[in-house]
Amino acid sequence: FKDPRLGELHQIFEDNISTNKTLKEIARDIGVGERTITRLLSRELGISFQNWRTNLRLHHSLLLLASGSSVGATAKKCGFSSPSSFVKDFNKFFGHTPGKYFHTIDK
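For every chain, the first residue of the written sequence is number 1, and numbering continues from 1 along that sequence. At least 70 in pLDDT is required for a residue's local features to be given in this predicted model, at least 80 for side-chain atom pairs to be given and counted, and no such filter applies to totals for whole chains, interfaces and linings, which use all residues. Side-chain numbers here rest on the full set of heavy atoms in the structure, without hydrogens or water.

**Let's talk about the overall build of the chain**
1) Next: Broken down by element type, the chain carries seven helices and zero strands.
2) Next: Note on conventions: DSSP H or I runs of at least 4 residues are helices, E runs of at least 2 residues are strands, and numbering of each starts at the N terminus. When the helices and strands of the chain are read in sequence order from the N terminus, they spell out α-α-α-α-α-α-α.
3) Next: Across its three principal axes, the chain shows a C-alpha extent of roughly 45 × 25 × 20 Å.
4) Next: For every residue, the accessible area (1.4 Å probe, protein chains only) is compared with the maximum for its type, and the residue is labelled buried under 20%, exposed over 50%, or partly exposed between those bounds. Residues classed as buried in the chain amount to 35% of the 107 residues present.
5) Next: Contact between two residues is taken to exist if any of their heavy atoms lie within 4.5 Å; hydrogens are not considered. Across the chain, every contact between residues at least 6 apart in sequence was considered, and the portion connecting residues at least 24 apart equals 50%.
6) Next: To measure how exposed things are, a 1.4 Å probe is used in the Shrake-Rupley method; for residues, cover is taken only from the protein chains shown. Accessible area of the chain: about 6500 Å², with a carbon and sulfur share of 51%.

The following block contains the structure:
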């Protein structure tokens with residue numbers, strides 16, 4: 001990241017990918033306002049906080065699933081509200097459910 005505050009944001013999720021802190025709480029932890037984080041993400045990455053957090057969690061989920069973690073355990077470890085919400089977001093982002101995704105790359 002160009003802006004170190006986004007590095008701090010990223011580190012918060014690297015330390016605890018399942019955190020469900022609000023943007024307001026996280027911004028306060030970094031020492032900035034919500035709007036600052038929103039502007040920085042938009043400027044540097046072109047996405048919202050919600051989309052950024054979901055993308056980061058989905059990336060992390062690939063690592064967990066590849067290491068043999070179940071869909072339910074992965075959903076919980078990555079901070080999704082339920083396995084079904086994880087599968088829905090995974091499918092929307094990757095175009096396959098987690099099971100189908102790993103079945104496809106195994107061939």
